[in-house]
Every structure is written in structure tokens, then in C-alpha cells.
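Structure assessment
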Amino acid sequence: MHTVTLRGFEEPFVVGKILCVGRNYAEHAKEMKSEIPREPVIFLKPSTAIVQDGGTVVIPAISRDVHHEVELTVLVGKGGKNIPRETALGHVAGYGIGLDMTLRDVQAEAKKKSLPWTMAKGFDASAPVSEFVSASGVGDPHALDIQLDVNGSVRQRSNTRFFIFRIDELISFISRTISLECGDVLFTGTPEGVGQVVTGDKLNARLTAADGSLLTSLTVSVI
Ligand code: MG
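Throughout this document, residue positions are counted from 1 along each chain, in the order its sequence is written. Confidence filtering applies because this is a predicted model: local features only for residues at pLDDT of at least 70, side-chain atom pairs given and counted only at 80 or more, and all residues used for totals across whole chains, interfaces and linings. Think of the side-chain values as coming from all heavy atoms in the structure, minus any hydrogens and water.

Before going further, it helps to examine helix 5 (residues 167-175). Between buried and exposed lies partly exposed: a residue is buried under 20% and exposed over 50% of the maximum accessible area for its type, with that area taken using a 1.4 Å probe on protein chains only. By the criteria applied, helices consist of DSSP H or I runs no shorter than four residues and strands consist of E runs no shorter than two, each listed in order from the N terminus. For helix 5, a buried count of eight out of nine residues is recorded, marking the element as mostly surrounded by other parts of the structure. All of the buried residues in helix 5 are Ile167, Asp168, Leu170, Ile171, Ser172, Phe173, Ile174 and Ser175. On the buried face of helix 5, the contacting elements are strand 3 (18-21), strand 4 (42-45), strand 8 (70-76), helix 2 (85-88), strand 9 (92-99) and strand 15 (185-187). Contacts are assigned to residue pairs with any non-hydrogen atoms lying within 4.5 Å of each other.

Okay, here's the thing in C-alpha cells:
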């Protein structure tokens, strides 16, 4: 059983599905030489991919090129189907910061053959997540700074105002086809600046409010 924590709640949340958005920042789509999508590209990771703050990412033997993708993460608190945009944010329990770790070489090979990305995106420890902070304490989730440092140097830095698809739109879009349940986690896509990590790297990701206050952070080691 894999769980995540929401600050202020004693009971952890058992993780259900991990839903990820493929391209949600125009600058990242550009660096991947991909088109800006007209509707969200969604893929899944298994719950076994979860790693909590302070954990480790083991590079799988099938890859020589593991990339970091820092992303705002959303914890679903209330499930639903066909959720309208207008009420979608009411289904969010909390926000956090996460890393959509990606085997870029394995993904590139899959893309070439038009095959699924499951192994490239869903391997053990491919979804490190911070402690979540309550949605009610975050304010506007589309005005948050996200940042990733590797060994103390900034690698990715952006703001959720640059989303192509906003969180309410993503929840509404996904729930038309896949029911959401309490404990599901949504990775909202990465900004530009993705790059390789190697054994020994220390990754520190941070989610910062519009007023500059740190909301939550995540540190993991690559081994
Ligand atoms: Mg991603």
C-alpha cells in the first residue's frame, strides 16, 4: 500500500491512480519538439511509483538516461464522474510538488515505435511527492512557483500561471472518461528545463506561494 500525507491530517491517504499530463507548458512542448496539444495528453503511473520526501530513486537497469520533470501535484479528496469545471477545484484536498521521473531513452524508443510509455514513466520510484498542503491554505493554485534544484543548482523554475490546461479543466476533462476517487494524484505537467540525473544527485523541489512563502518541499537522492 502506498500513501501520501496531507499536512494537518493524521491519517495518510492511500494512493489510487496517478494521472499525469503529458504537455502542459508551451516552452516544454517546444524543447521536446512537440506540438502544443489541443486537448490534454494523459498517461498513468502505478501507485508503486510513489516515493515520499527523503526517499531514493533507483535508476532502473533498462535506462541510461533518466530525466527529472518537476510538477505541481494535486491530491484528489472527493471522487466523481463528469465533474463540471465550475465545481472541479472543490474535489481537491491539497497541492504538493512532485517529480515525474522519466526514462527518456526508453520513452524515445517507445515513441518511435508508437508504443505506450508505461515502462518509461511507471517504474518504481518514478513518482516522488512532497507532503501535500491543504487546498484551503494555498489560495490561487494558478499562481504558484515551482522550482527544482539538483545538487544546489537551479534546473527548472516556472509558475503554474503558464499552464496550457488549468487544474479545473484537467479534472473535468479526465473525469468525463475516467472516474476520480479520493487518493488519486494528478501530476500537472512539467515546465522547460528537463534534464538528466545521475547516481549521487540530490534533488530538491519546492512549491512557493505568490507571496513568496514556502508551501512544501521534496528532497530525494538518486542511487
Ligand atoms: Mg511530466
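Next comes the rest of the account.
A donor here means an N, O or S atom no more than 2.8 Å from the metal, or no more than 3.2 Å when the metal is Na, K or Ca. Since water is not included, a site may seem to lack partners. Coordination of the magnesium ion by the protein is provided by Glu69 (OE), Glu71 (OE) and Asp100 (OD), with metal-donor distances spanning 2.0 to 2.1 Å. Mapping the donors of the magnesium ion onto the primary sequence yields the spacing E-x1-E-x28-D. Of this pair, glutamate 69 sits in the loop between strand 7 (66-68) and strand 8 while aspartate 100 sits in the loop between strand 9 and strand 10 (102-103), placing them 31 residues apart in sequence. Like aspartate 100, glutamate 69 is buried.

It is worth spelling out the pairing of strand 8 at this point. Burial of strand 8 is extensive: seven of the seven residues sit out of reach of the surface. One requirement defines pairing of two strands: DSSP has to find at least two bridges between them. Relative to strand 9, strand 8 runs antiparallel, the two being bridged by seven bridges. Across the sheet, the residue bridging to leucine 72 is isoleucine 97, located in strand 9. Relative to strand 15, strand 8 is paired through three bridges, and the arrangement is antiparallel. Bridge assignment links threonine 73 to a residue of strand 15, and that residue is phenylalanine 187.

With that settled, consider helix 3 (residues 104-112). All of the buried residues in helix 3 are Arg104, Val106, Gln107 and Ala110. Angular distribution of buried residues about the axis of helix 3 spans 160 degrees; they occupy a single face of the element. One or two residues past the end of helix 3 sits serine 114, with phi positive at roughly 55 degrees. Taking the helix axis as origin, the arc is that swept by the directions to the C-beta atoms.

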